[in-house]
Amino acid sequence: MVNRLSESKSLYLRKHAENPIDWWPWCDEALEKARLENKPIFLSIGYSSCHWCTVMEGEAFSDPGIAQYMNQNFLPIKVDREERPEIDSIYMQALQMMTGQGGWPLNIFLSPDEKIPFYGGTYFPLEPRYGRPGFLEVLQSIRRFYDLEKTKLQAFKDEIMTHLQQATILPESELTEDLLQKGLEANTGVITRNEYGGPRFPMIPYADMALRRIRFNLESEYDAKQACTQRGLDLALGGIYDHVAGGFHRYTVDPTWTVPHFEKMLYDNGQIVEYLADLWSAGIQKPAFKRSIQGSFEWLKREMTAPEGYFYASQDADNFTSPEELEPEEGAFYVWNNSTLEQALTPEEYAALQEQFTITKSGNFEGKNVLQRWNAEELSNTIESALEKLFQIRYGELPEAVKLFPPARNNQEAKTHDWLGRIPPVTDVKMIVAWNSLMISGLAKAAKVFGEVEYLELATKAAQFILNHQWVEGRLHRVNYEGQPDVVAQSEDYALLIKALIDLHQASLTVTPALVQPDYWLEQAKKVQEEFDNLLWSVELGGYFNTAKDTGEDLLIRERSYIDNATPAANGVALANLVRLFLLTENLEFLDLAEQGLTAFSSVMQKSPQACPSLFTALDWYRNNTLVRTSPEQILGLSVQYFPATIFKVDNTLSPDIIGLVCQGLKCNQPAKNPEEMLQQLQASQTRS
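Note that this is a predicted model, so its numbers are computed, not measured.

About the cut-offs
- Residues numbered from 1 in each chain as written.
- Predicted model: local features only at pLDDT ≥ 70, side-chain atom pairs only at ≥ 80, totals over all residues.
- Heavy atoms only, no water.
- Salt bridge = Lys/Arg side-chain N within 4 Å of Asp/Glu carboxyl O.
- Helix = DSSP H or I, 4+ residues; strand = E, 2+ residues; numbered from the N terminus.
- Pairing = 2+ DSSP bridges.
- Contact = heavy atoms within 4.5 Å.
- Axes fitted to C-alpha atoms, helices over the stretch in contact; angles between N-to-C directions.
- UniProt positions renumbered as here; feature names shortened; annotations may be inferred.
- Phe/Tyr/Trp six-rings, centres within 6.5 Å; stacked < 30°, edge-to-face > 60°.
- Buried < 20%, exposed > 50% of the residue type's maximum accessible area, 1.4 Å probe, protein only.
- Domains from an automatic or database assignment.
- Buried area = accessible area lost by both parts, 1.4 Å probe.
- Polar contact = N/O pair within 3.5 Å; in protein donor to acceptor, adjacent residues only side chain to side chain.
- 1 Å grid on protein atoms, 1.4 Å probe; cavity = no way out; pocket = protein on both sides within 12 Å on 5 of 7 lines; lining within 4 Å.
- Points joined across faces, edges and corners; volume = space filled by probe spheres on them.
- Nonpolar A, V, L, I, M, F, W, Y, C, P; charged D, E, K, R; others polar.
- Disulfide = S-S within 2.5 Å.

Following the criterion strictly, the structure yields 41 salt bridges and no others. Of the charged contacts, one joins E384 and R291 as a salt bridge, the two residues approaching to 3.0 Å between their closest N and O atoms. Of the two residues, E384 sits in helix α15 (residues 381-395) while R291 sits in helix α12 (residues 287-303), which places them 93 residues apart along the sequence. In this structure, a network of salt bridges that share partners links the residues E274, D278, K445, K499, D503 and R580.

Structure below.
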C-alpha cells in the first residue's frame, strides 16, 4: 500500500511513499483539508541524502501505531527542502526561535487556519532515548495542548508570528566607513576560533571573507592568512575529502576533521573548489589543494554529470553492504577495515599509506578507517598506486577504466544492479539551478587559475543546459527531473546563476580554446538579471525577495535571504553581481541597485556581521571595485593572481603605447605604459577603502 507521495518527482518524497502515514505534499488541497477538519498540520521537511531523515523514515514514520494516531489527529505534510527552500527557511527560523537550534529532519506543528508554528524539533526517536521522548508521546502531548490550551496556544502563535514579521522589516542604517573592516574582522574570527568541540563544516562564505582580508594591512587579533591556509588544509587533508575517489563530504562530526557525515552535496563541492582555487591564486599553493580539486573534478565527471551535461544534486551518506540488507549502513562505501588494507596492498604500499594517513588496526570510525592525511605535500607513486587499488575495491575497476559510473537512483536500483565493487550510495539525480551554478563557478575559477580547459568544458555544458532547458513560458525554473523543468526559480537560483555566467565570462577570456565567446555569457547574465529584477526586487525595502508575488501566496511571510548558511545568502551574491555587471556594462543602474540593497541590509551588517559574510563580500565589491581594460595576453598573466574585487575586460581600442587602463568605479587611473605600472595600480585599487 503506497500513499500519495508515490507519484512525486522528488526522490526524498518517494522515499516516504510506503509509509503507513497518510502523507500529503505541500499544496492548497492539503492546507484546506487541515483547516476544514481543524487538524493541526504536522510539517516534516528534509532531503534525500539526510542521514537522520532516513533513520526517522525507517523508524517512527514506518510504525503502524504512530501512523494510526498521526492520521486520525493531524494532517501530515512532507516537503523536500531542496525543492522548496522558501518553506524550509521560514519554519527553520521558527524552530530556531523556539529551541535555539535547528537541523534536519525539521519536524514542526502548525495551526491549520494560519499555518503558524507552535511546536517543533528535529529527530524524534520511536521510543524514548538520547534524552528525547518517544514520538507517539510527543504527538499525544501536542494534540492535548492544541485541544485544551487555547489561550496559551494563541499567545504562543502571536509571539512566534511577531518575531517572524519583525525579521522581515529591518531598521534603517547607513554604510559607515568602518563597516567593511568590521565585517572582515568578525568573519575572520569565525573560522579562526577553534576552542569548541563538535562538528566541523566547510563554512566557505566565512573563509572567502577571511581570504579577502589578507590583502589589507589591518591591525587584528587574527592572522587571516594562517586561518585561511588552515581551513584549506582541513578540507584537503581531512576525512571530509574522499582521498580515494574525489569529492567532499558534507561535514565532519568531530572537531579534528576526521570522521565525516558521508553524504556528498553538489553545493559544498562547488564552493570548496572555488575556495581552494582562490587560495592557490593568492600564493598559498599546497599540492594537496590542487590534487583535491582535480580529484573532485574526476568524481564530478564520473558520477555526478548527466548525459545532458547538468550535475546531479547529491549522494547519500548510507549504502547497502549486500542486496539482502533491509537498511543501508552509514559510510560503508567509504571506510576500510585494516585487514582489507593489509590484504589488498603490498607491504611497501601499506607501510607508505600508514605513514601518510590515519590507519590503525582499531580504526577511527566504528572499528574501521576513514582516511585522513598528515601533510599537504605531493603523494609518492607508491601511495598513489595504493589508493588506486582501494578505488578498484570500491568500484570494481581501476580509475582509468571507470570513465562513467552509473548512479543508483533509488534503493531498489542499488540492490539489484550488478555492481563490480561495493554497492554505492543512492544518487539524487535531480538538477538544481542554484547548486549547478555553484559548481559552474567553482570549475570556472579552477579553469582560470590552473589553465585547465576540461574544467571549463564541463562548466560550459552545465550552463548551456540551464540556459536551453530551464525556462518555461519565459520563466526560469529551479529544478529538472530527467529532462522536465519544475518548480519556479527563487532568488538563490537567479543570483547564483548570474554569478556563474559572469565567472564563465571571466574564465573564457583566458582559457583556450574558448568553447563560447565571453560576450555570450555576459549577454545571458544581463537577460537573467533583468528577469530577476522584474520578479523579485523589492522597490519598497531594497534587496531581493526569496519568491515572486505570484508564487508565495501560501507562505506565512515573504522573506529576503541575507543570512549565510550551507550556501551563500541570495542577496549577498546578488548585490556583488550588480557591481560586477556595472563594471562590465558601465550601466549605472546596476550600481544604484547595489547601493540600495547594501543600504537596506546595513543594520544587519552593523549588528550581526558574523551572520552575513556574503553581504560583506558585496560591500567589498562596492567599495573596491576595479575594472582592468587590457589585452588578452595581459589578462592571462593577471587573472591567475588573487584580485577578488576585479573584473577584466578585453579592450582592443588602446593605443600601442598604452598597455592597459585600471578603472575604479566612476574614474580611471592614468593609462599604464608597462605591465609593472598596471600591476601597481591594480594592487593599490584593491585596497583603497
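And the narrative resumes.
A separate point is the sheet that holds strand β17 (residues 626-630). Across the sheet, four strands lie side by side as β18-β17-β19-β20; this open sheet has mixed pairing. Looking at the sheet topology across the chains shown, the edges are occupied by β18 (646-650) and β20 (667-668). In this structure, strand β19 (residues 660-664) lies alongside β20, joined through two bridges in antiparallel fashion. The partner of C663 across the bridge, within β20, is C668.

With that settled, the discussion passes to the sheet that holds strand β5 (residues 117-121). Ordered in space as β1-β3-β2-β4-β5, the five strands form an open sheet in which the pairing is mixed. The open sheet has two free edges, formed respectively by β1 (24-25) and β5, since each of these has just one partner strand. This element, helix α6 (residues 135-148), spans β2 (41-46), β4 (106-110) and β5 of the sheet and lies at about 170° to β5.

Following the UniProt record, one finds the feature "domain: Spermatogenesis-associated protein 20-like TRX" (unreviewed entry) at residues 3-165. Annotation note: span residues 3-165, helix share 47%, strand share 15%, distance between end C-alpha atoms 35 Å.

A few words on the packing of aromatic side chains. Here a ring pair, both rings aromatic, is described through the centre-centre distance and the interplanar angle of the planes. In the structure shown here, the tally under the stated rule is 33 aromatic pairs. Geometrically, the ring pair formed by W26 and Y91 is tilted, given 6.4 Å between the ring centres and 55° between the ring planes. On the criterion of sequence distance, the pair formed by W26 in the loop between β1 and α2 (28-37) and Y91 in helix α5 (residues 85-99) is long-range, its members being 65 residues apart. Take Y91: its relative accessible area is 2%, and that puts it in the buried class. For the ring pair Y520 and W521, a centre distance of 5.1 Å and an interplane angle of 70° mean the geometry is edge-to-face.

The subject of this paragraph is the domain arrangement of the protein chain. By a frequent convention, interface size equals the accessible area lost on bringing the separate parts together. The domain boundaries assigned to the protein chain delineate domain 1 (4-167), domain 2 (178-191 + 199-304 + 314-428), domain 3 (444-623) and domain 4 (625-688). On a C-alpha basis, the centroid separation for the pair domain 3 and domain 4 is 25 Å. If you look at the interface, domain 3 gives 19 residues, while domain 4 gives 18 residues. The junction of domain 3 with domain 4 conceals about 1,600 Å² of combined surface from both sides, 60% of it contributed by carbon and sulfur atoms. Counting the surface domain 3 buries against domain 4, the share from its top three residues, L509, L583 and W621, is 35%. Summed over the shared surface of domain 3 and domain 4, the result is five residue pairs in polar contact (both at pLDDT 80 or more). At the level of elements, α17 (433-450), α19 (491-508), α21 (570-585), α22 (588-600) and α24 (613-624) are the ones that each hand at least two residues to the side of domain 3 that touches domain 4.

Using a probe with the size of a water molecule, rolled over the atoms, empty space left in the structure can be pinpointed. A complete count under the given rule lists five cavities of 30 Å³ or more for this structure. Computed from the structure, the largest cavity encloses a volume of approximately 660 Å³. As for the largest cavity, its lining consists of 36 residues, of which D208, R212, E274, K445 and K499 are closest to the centre. Among the secondary structure elements, those contributing two or more residues to the lining of the largest cavity are α9 (204-213), α11 (266-281), α17, α19, α21, α24 and β18. Take the lining of the largest cavity: its biggest share by element is six residues, from α17. For the lining of the largest cavity, the per-class residue count stands at 16 nonpolar, 11 polar and nine charged. Along the lines of polarity and charge, the residues of the lining of the second largest cavity split into nine nonpolar, three polar and two charged.

Moving on: the state of the cysteines. Scanning the model with the defined rule gives two disulfides in all. Disulfide partner of C50: C53, at an S-S distance of 2.3 Å. Judged by the sign of its S-S torsion, about 80°, the cystine formed by C50 and C53 is right-handed. Note on accessibility: C50 and C53 belong to one class, buried. The disulfide partner of C663 is C668, and the gap between their sulfur atoms is 2.0 Å. Its S-S torsion of approximately 90° makes the covalent link between C663 and C668 right-handed. For C663, a relative accessible area of 5% corresponds to the buried category. C228 takes part in no disulfide bond, and the closest cysteine sulfur, belonging to C612, lies 18 Å away.

In this structure, the second largest pocket encloses a volume near 750 Å³. Considering the residues around the second largest pocket, the lining is formed by 35 residues, among which R14, K15, E18, E57 and N411 are closest to the centre. The set of elements that each furnish at least two residues to the lining of the second largest pocket consists of α1 (11-14), α3 (51-58), β10 (318-319) and α16 (411-416). Among the elements that line the lining of the second largest pocket, the one with the most residues is α3, at four residues. Here the lining of the second largest pocket is built from residues that sort into 15 nonpolar, 12 polar and eight charged.

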